[in-house]
Amino acid sequence: MLITDGLVYGPDGRFHQQDLGIDEHRGLLQNPADAGGERFAARGLYVLPGLIDLHLHGGGGDDLMDADPQGLAR
(Lines give C-alpha, C1' and ligand atoms only; values in the text may rest on other atoms or scores of the structure.)
Protein backbone atom coordinates (compact mmCIF):
# COMPACT_ATOMS: atom_id res chain seq x y z
CA MET A 1 0.00 0.00 0.00
CA LEU A 2 1.17 3.52 -0.73
CA ILE A 3 -0.07 6.48 1.31
CA THR A 4 0.69 9.67 -0.63
CA ASP A 5 1.26 13.26 0.53
CA GLY A 6 0.34 12.60 4.15
CA LEU A 7 1.64 14.57 7.11
CA VAL A 8 3.77 11.76 8.57
CA TYR A 9 4.91 11.93 12.19
CA GLY A 10 8.66 11.51 12.27
CA PRO A 11 11.23 10.50 14.87
CA ASP A 12 12.06 14.19 15.37
CA GLY A 13 8.58 14.77 16.82
CA ARG A 14 7.40 16.81 13.81
CA PHE A 15 5.08 16.17 10.88
CA HIS A 16 6.54 16.01 7.37
CA GLN A 17 4.58 15.86 4.12
CA GLN A 18 5.72 12.67 2.44
CA ASP A 19 4.73 9.33 0.97
CA LEU A 20 4.68 6.22 3.13
CA GLY A 21 4.93 2.66 1.83
CA ILE A 22 3.59 -0.33 3.74
CA ASP A 23 4.37 -3.94 2.81
CA GLU A 24 1.97 -6.89 2.91
CA HIS A 25 3.01 -7.63 6.51
CA ARG A 26 2.18 -4.03 7.53
CA GLY A 27 5.80 -3.04 7.93
CA LEU A 28 7.09 0.33 6.76
CA LEU A 29 9.14 0.35 3.58
CA GLN A 30 12.43 2.24 3.35
CA ASN A 31 11.55 3.20 -0.23
CA PRO A 32 7.83 4.08 -0.66
CA ALA A 33 8.20 3.56 -4.43
CA ASP A 34 8.49 -0.19 -3.70
CA ALA A 35 4.92 -0.25 -2.37
CA GLY A 36 2.48 -2.17 -4.51
CA GLY A 37 -1.25 -2.59 -4.45
CA GLU A 38 -3.66 -0.09 -2.97
CA ARG A 39 -3.01 3.65 -2.97
CA PHE A 40 -4.48 6.14 -0.52
CA ALA A 41 -4.33 9.91 -1.07
CA ALA A 42 -3.73 11.54 2.33
CA ARG A 43 -3.02 15.17 1.45
CA GLY A 44 -3.88 17.28 4.50
CA LEU A 45 -4.31 14.19 6.72
CA TYR A 46 -2.08 13.18 9.63
CA VAL A 47 -0.37 9.77 9.44
CA LEU A 48 0.93 8.26 12.68
CA PRO A 49 2.57 4.88 11.93
CA GLY A 50 2.10 2.43 14.77
CA LEU A 51 -0.54 4.44 16.64
CA ILE A 52 -3.65 2.51 17.60
CA ASP A 53 -6.43 4.57 19.14
CA LEU A 54 -8.33 2.29 21.52
CA HIS A 55 -11.30 4.48 22.27
CA LEU A 56 -14.43 3.09 23.93
CA HIS A 57 -17.47 4.63 25.56
CA GLY A 58 -19.05 1.37 26.61
CA GLY A 59 -20.68 -1.74 25.30
CA GLY A 60 -23.28 -4.36 26.11
CA GLY A 61 -25.63 -1.72 27.46
CA ASP A 62 -23.08 -0.25 29.87
CA ASP A 63 -21.63 3.26 29.70
CA LEU A 64 -18.02 3.49 30.89
CA MET A 65 -18.59 7.08 31.98
CA ASP A 66 -20.89 5.79 34.76
CA ALA A 67 -17.81 4.41 36.61
CA ASP A 68 -19.93 1.46 37.78
CA PRO A 69 -17.53 -1.37 38.78
CA GLN A 70 -19.89 -4.10 37.54
CA GLY A 71 -20.40 -2.29 34.24
CA LEU A 72 -16.65 -1.84 33.81
CA ALA A 73 -16.12 -5.56 34.44
CA ARG A 74 -18.73 -6.51 31.82
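This report concerns the structure included in the present document. (Residues numbered from 1 in each chain as written. Predicted model: local features only at pLDDT ≥ 70, side-chain atom pairs only at ≥ 80, totals over all residues. Heavy atoms only, no water.)

1. Some remarks on the packing of aromatic side chains
- In this structure the tally under the stated criterion is two aromatic pairs.
- Every member of this aromatic cluster is reached through a ring pair, and the members are Tyr-9, Phe-15 and Tyr-46. (Phe/Tyr/Trp six-rings, centres within 6.5 Å; stacked < 30°, edge-to-face > 60°.)

2. With respect to the nonpolar core
- In terms of nonpolar packing, the biggest core is built from six residues, these being Ile-3, Val-8, Leu-20, Ile-22, Ala-42 and Val-47.
- Residues contacting Ile-3, with those up to four places away along its chain left out, are Gln-18, Asp-19, Leu-20, Ile-22, Phe-40, Ala-42 and Val-47. (Core = buried A, V, L, I, M, F, W, Y, C linked by side-chain atoms within 4.5 Å. Buried < 20%, exposed > 50% of the residue type's maximum accessible area, 1.4 Å probe, protein only. Contact = heavy atoms within 4.5 Å.)

3. Here we look at the pairing of strand β2 (residues 15–21)
- Note: strand β1 (residues 2–9) against β2, six bridges, orientation antiparallel. Bridge pairing in β2 links Ile-3 to Leu-20.
- Hairpin connection between β1 and β2: a loop of five residues separates the two successive antiparallel strands, and Gly-13 in this loop has a positive phi of roughly 80°. (Pairing = 2+ DSSP bridges. Helix = DSSP H or I, 4+ residues; strand = E, 2+ residues; numbered from the N terminus.)

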